[in-house]
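The primary structure of each chain is shown beneath.
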Amino acid sequence: MTAATSSLQPLNTQQVTLTDRTLKAVREGIRTGTLIPGELYSVYRLAEDLGVSRSPVRDALLRLAETGIVNFERNKGFRVVLPGPKELAEMISVRISLEVPAAQRAALNIGNDVENSLQAVYLSMERAALNNDEPLFMNEDQLLHGVILKLADNSYAERVIETLRDAMRLVGASTIKGSRDLGAVLVEHKPIVDAICAGNALEAGRAMSAHLRTTGRVLLADAVKRNNSNLDPDELWERLIN
């Protein structure tokens, strides 16, 4: 089988952390659909496309493989893996376990956000919703969750969640075209932002939990339906998440 081309752009090799930059480039390729789930890609070809050596490419892919988003095939290359309903449920569970306490910690640390970055990102989400700009809205949504994790001052959780969100995007991790519109998703984020900005850790955790659980249930039901699975999404939810 011939390995597919990645069409990713070369990187600036003068940067110190090439592995991190390679990881970012691969994630962006997954988010934009440049790297297609199921296609076989060559590590060598990817390194050529990015203009770097194979070492940072392998290191970046190994980090993604740890979370299940990438699968290596011996002497062939790698594939971006499309998560199934069970894997999606596990991802939702991990996000809840990490992002709820992160929201609480962010509320306690909000005084350190001198640039008021959380409010700025939320306002950008609001503008995107008003303009019905789904790509921008989804990017700002991801950025907002990233700001919360930065405020929580947990870089490990930040990296894990970023990868999980990328994986969830592969299974249509946006409920927007199905059950909800941009405005409905925006409304779910407001109590999170308000509670964090008010320094209310308890309410911030509750609001984040409510948001992730609402989104998670919709995503899981959609994933089961899309995969023509015999799994019961409610049973899967109760067993792995609730």
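Residues numbered from 1 in each chain as written. Predicted model: local features only at pLDDT ≥ 70, side-chain atom pairs only at ≥ 80, totals over all residues. Heavy atoms only, no water.

Draft legend 1. Here's a closer look at the overall build of the protein chain. Of the regular secondary structure elements, the protein chain holds 10 helices and three strands. When the helices and strands of the protein chain are read in sequence order from the N terminus, they spell out α-β-α-α-β-β-α-α-α-α-α-α-α. Its C-alpha radius of gyration of 19 Å places the protein chain within 12% of the 18 Å reference for a compact globule of 242 residues. For the protein chain, the spread of C-alpha atoms along the principal axes amounts to about 55 × 50 × 35 Å. Counting only residues that meet the buried cut, the protein chain has 48% of its 242 residues in that class. The long-range fraction of contacts in the protein chain, counting pairs at least 24 apart against all pairs at least 6 apart in sequence, stands at 74%. Summing over all exposed atoms, the protein chain offers an accessible surface of approximately 12,300 Å²; the carbon and sulfur share of this is 48%. Between the averaged position of the 28 positive side-chain charges in the protein chain and that of its 31 negative side-chain charges there is a distance of 4 Å. (Helix = DSSP H or I, 4+ residues; strand = E, 2+ residues; numbered from the N terminus. Rg over C-alpha atoms; globule rule 2.2 N^0.38 Å. Buried < 20%, exposed > 50% of the residue type's maximum accessible area, 1.4 Å probe, protein only. Contact = heavy atoms within 4.5 Å. Areas by Shrake-Rupley, 256 points an atom, 1.4 Å probe, with all protein chains shown as cover. Lys, Arg positive; Asp, Glu negative; His and termini not counted. Charge placed at Lys NZ, Arg CZ, Asp CG, Glu CD.)

Draft legend 2. Layout of the environment of Ile 241. Residue placement: Ile 241 occurs in the segment after helix H10 (233–240). A relative accessible area of 10% means that Ile 241 is categorised as buried. With near-sequence residues (within four places) excluded, Ile 241 lies in contact with Ala 89, Ile 92, Ser 93, Ile 96, Arg 213 and Leu 236.

Draft legend 3. View of the pairing of strand E3 (residues 77–80). What you see with E3 is no split at all: Gly 77 and Arg 79 on one side and Phe 78 and Val 80 on the other are buried throughout. Bridge count for strand E1 (residues 40–41) against E3 is two bridges, and the pairing is antiparallel. Across the sheet, residue Tyr 41 finds its bridge partner in E3, namely Phe 78. The antiparallel hairpin formed by strand E2 (residues 70–73) and E3 contains three residues in its connecting segment, where Asn 75 sits at a positive phi of about 60°. (Pairing = 2+ DSSP bridges.)

Draft legend 4. Expanded view of unusual backbone geometry. Of note, the phi angle at Asn 75 is positive, near 60°, even though the residue is not glycine. Position of Asn 75 among the secondary structure elements: in the loop between E2 and E3. Notably, Asp 153 is not glycine yet its phi reads approximately 60°, a positive angle. Locating Asp 153 in the fold gives a position in the loop between helix H6 (134–152) and helix H7 (155–170).

Draft legend 5. Looking closely at the confidence of the model for the protein chain. The share of residues in the protein chain with pLDDT of 70 or more is 91%, and the mean pLDDT across the chain is 86. At the level of individual helices and strands, the protein chain shows its lowest average pLDDT in H7, which scores 82, and its highest in helix H5 (residues 117–130), which scores 95. (pLDDT = per-residue confidence, 0-100.)

Draft legend 6. View of the side chain of Glu 99. Here Glu 99 is to be found in helix H4 (residues 85–109). Among the polar contacts listed, one links the side chain of Glu 99 to the side chain of Arg 95, at a separation of 2.5 Å. (Polar contact = N/O pair within 3.5 Å; in protein donor to acceptor, adjacent residues only side chain to side chain.)

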